[in-house]
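Chain by chain, the residues:
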Amino acid sequence: MSVSDFLIVIRPSSFMSVALRLKTFEMCRPVTNLFPLNNCVGYLLSFLSPVMSRSLGCFIKPKKRLPPNDVNMCQSKPLIEKLPKQATKTKAPDDLVAPVVKKPHIYYGSLEEKERERLAKGESGILGKEGLKAGIEAGNINITSGEVFEIEEHISERQAEVLAEFERRKRARQINVSTDDSEVKACLRALGEPITLFGEGPAERRERLRNILSVVGTDALKKTKKDDEKSKKSKEEYQQTWYHEGPNSLKVARLWIANYSLPRAMKRLEEARLHKEIPETTRTSQMQELHKSLRSLNNFCSQIGDDRPISYCHFSPNSKMLATACWSGLCKLWSVPDCNLLHTLRGHNTNVGAIVFHPKSTVSLDQKDVNLASCAADGSVKLWSLDSDEPVADIEGHTVRVARVMWHPSGRFLGTTCYDRSWRLWDLEAQEEILHQEGHSMGVYDIAFHQDGSLAGTGGLDAFGRVWDLRTGRCIMFLEGHLKEIYGINFSPNGYHIATGSGDNTCKVWDLRQRRCVYTIPAHQNLVTGVKFEPIHGNFLLTGAYDNTAKIWTHPGWSPLKTLAGHEGKVMGLDISSDGQLIATCSYDRTFKLWMAE
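Going by what an unreviewed UniProt entry lists, the protein chain is known as U4/U6 small nuclear ribonucleoprotein Prp4 and is assigned to Panthera pardus. What the UniProt record of the protein chain gives under Subcellular location (unreviewed entry) is the line "Nucleus speckle". Its UniProt record, at the heading Function (unreviewed entry), says of the protein chain: "Plays a role in pre-mRNA splicing as component of the U4/U6-U5 tri-snRNP complex that is involved in spliceosome assembly, and as component of the precatalytic spliceosome (spliceosome B complex)."

Below, the structure is given as structure tokens:
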């Protein structure tokens, strides 16, 4: 039987007519007729017969082969063959025959009773054993050796993750999160999470906090809050000023300073009242003349001071000598204005930080007495006389670098600043340390005393300054505002202004009466190393910096008057003579210069 011996029979129930175009033979016949298949078309339909039989309601059946004599008779017969329904059903292929649905057997009563009846009849004998063996051999029945398989232990990791995620979502739904966005951010910050993400809104941020809490638990937030409270308490305790009982000599010194400062304060206030009575026009003209002379300042003397950079310079009280400190460990005394070397003080073995004259030196103090004090990076502090090149005495007690040293206006006390976060006050008459004051979180760099002798100001490497009342020991003002270390501090002769120079390239002016910063001078292009008020009336302010310049500023307008440019290196120290006529600057270029108005 060949492919061409098949016919397509269309079921009458489909009521469909399909035209099959055979382009090769240009013939078209309705499918409702019974026609012989071409070889190629029949070959296709042999593969597509199940699909066509389902979709078109037809099936392919073999064509009855006719004898050769009956060919003409077949062509004359009608080509439509109507099949009875029963015949169609019986001759349909197996894939079209609907499976026989077995009716379930419904058993009534107890299975236990049925099982007893079956056992009583003896049905579980040989037939049951043979059926069990046949099932085992066929692989339909598996009998284990009694091992137990724990399903819970073999749950896949994926299932465990899904279960954990469901539990987390359940916990998240039960967590109450504040609707205040600021509180949500504070909670995220306390948990160490970013307070906001790119493109995140308040609702998404709140949901993120809820998800985080569902993982770490709400107790984590409570713990962080408790830790924050403890840290705040510890910080508050750390920031509180505490006092301890000092020696009896400190009490005596405080009483002495009070008796010394009060008359000087009264005298200063009286001079301020007299100055205020001067007519405004007279004061204005005097200020204009001063500004004119300051604008005419020129460098009239420049001297190489040492082989190493010069770190500090200071005028004597009579303005006829200048002391310089060098990194070579030498301290030198120069005549003014000739700039001739008078003495070379040898005693330090390392960088000298500062050297200062006694307030009464060259005025009423004998040359054999202590006239100068110096400090170095090795923690040594030495006292000098004017008739010897060697130190008169050493002050021992510092173990780390001493940055600055300064005399009290009375000349009885000496203040030193140290890198051990403290500054000290020494009584040279009693020859002992009477005060070891802490208060800075980093090293203390500079110190200055009020003109009355009642206050001391310190500037530290922690970017803060403090004003201390020497009569009570209290910190009466906290200078907060600089962004970097404070390298210079100075009191104005008017009694209420303080200037500080910092590593943030600015100079700030503070008012003791208002207890705040009244002006910030953007002074230099590099860190400010020193500040100095004019010592008589405080009519101008001098600043020096690492930009190789020193500048003069008006008081109280704080506008620039003159830029003293001439050094080839960083300006490391500066001073103004007691009569206000001379300005000295020392530099990293190993020279010091004197400036005077024409």
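Draft legend 1. Focus on the overall build of the protein chain. Scanning the protein chain from N- to C-terminus turns up eleven helices and 32 strands. Expressed as a percentage of the 598 residues in the protein chain, the buried residues total 40%. For the protein chain, the proportion of contacts with a sequence separation of at least 24, taken over those separated by at least 6, is 49%. When the accessible surface of the protein chain is split by element, carbon and sulfur atoms take 53% of a total near 35800 Å².

Draft legend 2. Highlighting the sheet that holds strand 29 (residues 560–565). Reading across the sheet, the four strands line up as 26-27-28-29 and stay open at both edges, with antiparallel pairing between neighbours. Each edge of the sheet is formed by a strand with only one pairing partner; in this case those strands are strand 26 (528–533) and strand 29. Along the sheet, successive strands turn relative to each other by an average axial angle of 20 degrees, direction set aside. Where strand 27 (residues 540–545) and strand 28 (residues 549–554) come together, five bridges link them in antiparallel fashion. Pairing of threonine 543 across the sheet is with lysine 551, part of strand 28. This element, helix 11 (residues 280–295), spans strand 27, strand 28 and strand 29 of the sheet and lies at about 20 degrees to strand 29.

Draft legend 3. Inspection of the pairing of strand 18 (residues 444–449) at higher detail. The element strand 18 is extensively covered by neighbouring structure, given that six of its six residues are classed as buried. Bridge count for strand 18 against strand 19 (residues 455–460) is five bridges, and the pairing is antiparallel. Across the sheet, the residue bridging to isoleucine 447 is threonine 458, located in strand 19. Linkage of strand 18 to strand 19, two consecutive antiparallel strands, is achieved through a turn of five residues, within which glycine 453 is found at a positive phi near 90 degrees.

Draft legend 4. Highlighting the packing of helix 7 (residues 181–190) against helix 8 (residues 202–216). Two elements in contact, helix 7 and helix 8, have axes whose closest approach is 10 Å; the angle formed by their N-to-C orientations is 40 degrees. Regarding the angle of helix 7 to helix 8, the classification is oblique. Crossing of helix 7 against helix 8: the hand is left-handed. Judged by residue contacts, Asp181, Val184, Lys185, Cys187 and Leu188 of helix 7 engage Pro202, Arg205, Arg206, Arg208, Leu209 and Ile212 from helix 8. Of the residues that constitute the contact of helix 7 with helix 8, the class distribution is six nonpolar, no polar and five charged.

Draft legend 5. Quick peek at the state of the cysteines. Tallied over the full model, the rule gives one disulfide. Disulfide partner of cysteine 301: cysteine 339, at an S-S distance of 2.3 Å. You can see cysteine 301 sitting in strand 5 (residues 297–304) and its partner cysteine 339 sitting in the loop between strand 8 (330–335) and strand 9 (341–346), a full 38 residues away along the chain. The buried category is assigned to cysteine 339, whose relative accessible area is 3%. Sulfur of cysteine 313: no disulfide; nearest cysteine sulfur belongs to cysteine 586 and is 3.9 Å away. Owing to a relative accessible area of 1%, cysteine 313 belongs among the buried residues under this scheme.

Here is what the cut-offs are and how they apply
Residues numbered from 1 in each chain as written. Predicted model: local features only at pLDDT ≥ 70, side-chain atom pairs only at ≥ 80, totals over all residues. Heavy atoms only, no water. UniProt positions renumbered as here; feature names shortened; annotations may be inferred. Helix = DSSP H or I, 4+ residues; strand = E, 2+ residues; numbered from the N terminus. Buried < 20%, exposed > 50% of the residue type's maximum accessible area, 1.4 Å probe, protein only. Contact = heavy atoms within 4.5 Å. Areas by Shrake-Rupley, 256 points an atom, 1.4 Å probe, with all protein chains shown as cover. Pairing = 2+ DSSP bridges. Axes fitted to C-alpha atoms, helices over the stretch in contact; angles between N-to-C directions. Parallel < 35°, antiparallel > 145°, perpendicular 65-115°, else oblique. Left-handed = near helix turned anticlockwise from the far one by under 90°. Nonpolar A, V, L, I, M, F, W, Y, C, P; charged D, E, K, R; others polar. Disulfide = S-S within 2.5 Å.

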